[in-house]
Amino acid sequence: AGSLKISADTRVAPTQAQDLRGVTFAKSGKIYVSGHVGVAASDRQIVVGRFNADGTLDTTFGTGGFVTTNVVVKDPANTTSTGDEQSSGVLELANGDLIVSINAADGNGGAPITAGTGTLPRPEGVSIVLLRLTNTGAPVASFGTNGKAVVDFGWTADDNAAWPAPVPNDSNTALVGTGYPRDTHWNIALDPSVSGADERVVVFGFG
């Protein structure tokens, strides 16, 4: 108000995080952030960080304040596999655990598409993955499979064989259509109408 100005300048080393998109305040007053490490789409990894209220890193969380998790590992035997993953949301549960929401390539690119004199890769599908961590940054193994649960918007990986293949355009420079279903989320939140054992996470997105 008036002449009052508040600013923050928090610098994060590129080896720790390169894109932070999710943020939430913990009950303790600390701040959680989520995003990814890696500039290129090739095998990016999820990063979760915790800051003190004054903007300094909370080094008691993970390693030096950050937890890095490779949710989807790039398959070197599959030329269409990228291992790409990005997080847009993070929230704190009542017991202090974290839920991190992730858009992750599913590795289902399939065989290249051939047309004319060239070939084009078949684009991968994308799955929504929820990762659950303790307040120290350790995976909660009882959640989903080893701490990770996949959210499907009506089309599962088992249905992918029925998905129509995209076709190259007339100049064989781009594909018309998508490789496989691309479920995408934008954010997550807690349902405020329930609590305790009935605690629920709401995922916002499309599929």
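So, a few notes on the structure that sits alongside this text. Everything quoted here is computed from the prediction, not taken from an experiment. (Residues numbered from 1 in each chain as written. Predicted model: local features only at pLDDT ≥ 70, side-chain atom pairs only at ≥ 80, totals over all residues. Heavy atoms only, no water.)

### Thoughts on the sheet that holds strand 3 (residues 45–51)
What links the strands of a sheet is backbone hydrogen bonding, and the strands pair in either a parallel or an antiparallel sense.
1) Next: Strand order across the open sheet formed by four strands is 1-2-3-4, with antiparallel pairing between neighbours. Looking along the sheet, the strands with just one partner apiece sit at the ends: strand 1 (19–25) and strand 4 (66–69). With strand direction ignored, the average angle separating the axes of adjacent strands in the sheet is 20 degrees.
2) Next: The pairing of strand 3 with strand 4 spans four bridges and is classified as antiparallel. Paired with Val-47 across the bridge in strand 4 is Thr-68. (Pairing = 2+ DSSP bridges. Helix = DSSP H or I, 4+ residues; strand = E, 2+ residues; numbered from the N terminus. Axes fitted to C-alpha atoms, helices over the stretch in contact; angles between N-to-C directions.)

### Brief notes about the environment of Ser-195
1) Next: Inspection of the secondary structure assignment puts Ser-195 in the loop between strand 13 (184–190) and strand 14 (201–206).
2) Next: Note: C-alpha distance between Ser-195 and Ala-94 (101 residues apart in sequence) is 8.0 Å.

### Thoughts on the nonpolar core
1) Next: Ranked by internal contacts, the top residues of the largest apolar core, which has 16 residues, are Val-48, Val-100, Ile-102 and Leu-133.
2) Next: Broken down by secondary-structure element, the contributors of at least two residues to this core are strand 3, strand 6 (98–105) and strand 9 (126–133).
3) Next: In terms of residue count, the dominant contributor to this core is strand 6 (four residues).
4) Next: Beyond its immediate stretch of four places on either side in the chain, Val-100 contacts Ser-34, Ile-46, Val-48, Ser-87, Gly-89, Val-90, Val-129, Leu-130, Leu-131 and Leu-133.
5) Next: Grouped together as the second largest cluster of nonpolar side chains are eleven residues, Leu-91, Leu-130, Val-140 and Ala-149 included. (Core = buried A, V, L, I, M, F, W, Y, C linked by side-chain atoms within 4.5 Å. Buried < 20%, exposed > 50% of the residue type's maximum accessible area, 1.4 Å probe, protein only. Contact = heavy atoms within 4.5 Å.)

### Things to note about the sheet that holds strand 9
1) Next: With respect to topology, four strands assemble into an open sheet ordered 5-6-9-10, the strand pairing being antiparallel. The open sheet terminates on both sides in strands that have one partner only, identified here as strand 5 (85–92) and strand 10 (148–151). Geometrically, the sheet is characterised by an average inter-axis angle of 25 degrees between neighbouring strands, direction not taken into account.
2) Next: Pairing analysis gives four bridges linking strand 9 to strand 10, with the strands arranged antiparallel. When the sheet's bridge partners are listed, Leu-130 is paired in strand 10 with Ala-149.

### Quick notes on the layout of surface pockets
The method is simple in principle: a probe with the dimensions of a water molecule rolls over the atoms, and the space it marks as empty is what remains.
1) Next: Within this model, the largest pocket holds a volume of roughly 290 Å³.
2) Next: Elements with a minimum of two residues in the lining of the largest pocket: strand 5, strand 6 and strand 13.
3) Next: By residue class, the composition of the lining of the largest pocket is six nonpolar, six polar and five charged.
4) Next: Along its surface, the second largest pocket is lined by Val-71, Val-72, Ala-104, Ala-105, Asp-106, Ser-127, Val-129, Thr-145, Lys-148 and Val-150.
5) Next: Looking at the lining of the second largest pocket, the elements with two or more residues in it are strand 6, strand 9 and strand 10.
6) Next: Its residues assigned to classes, the lining of the second largest pocket shows six nonpolar, two polar and two charged. (1 Å grid on protein atoms, 1.4 Å probe; cavity = no way out; pocket = protein on both sides within 12 Å on 5 of 7 lines; lining within 4 Å. Points joined across faces, edges and corners; volume = space filled by probe spheres on them. Nonpolar A, V, L, I, M, F, W, Y, C, P; charged D, E, K, R; others polar.)

### Some remarks on the pattern of salt bridges
1) Next: A full pass over the atoms with the stated rule returns six salt bridges.
2) Next: Across the pair Asp-58 and Lys-30 runs a salt bridge whose closest N-O atoms are separated by 2.8 Å. Residue Asp-58 is located in the loop between strand 3 and strand 4, and its partner Lys-30 is located in the loop between strand 1 and strand 2 (31–37); the two are separated by 28 residues in the primary sequence.
3) Next: We classify Asp-58 as buried; its relative accessible area is 4%.
4) Next: Linked by salt bridges that have partners in common, Lys-30, Arg-50 and Asp-58 make up one network. (Salt bridge = Lys/Arg side-chain N within 4 Å of Asp/Glu carboxyl O.)

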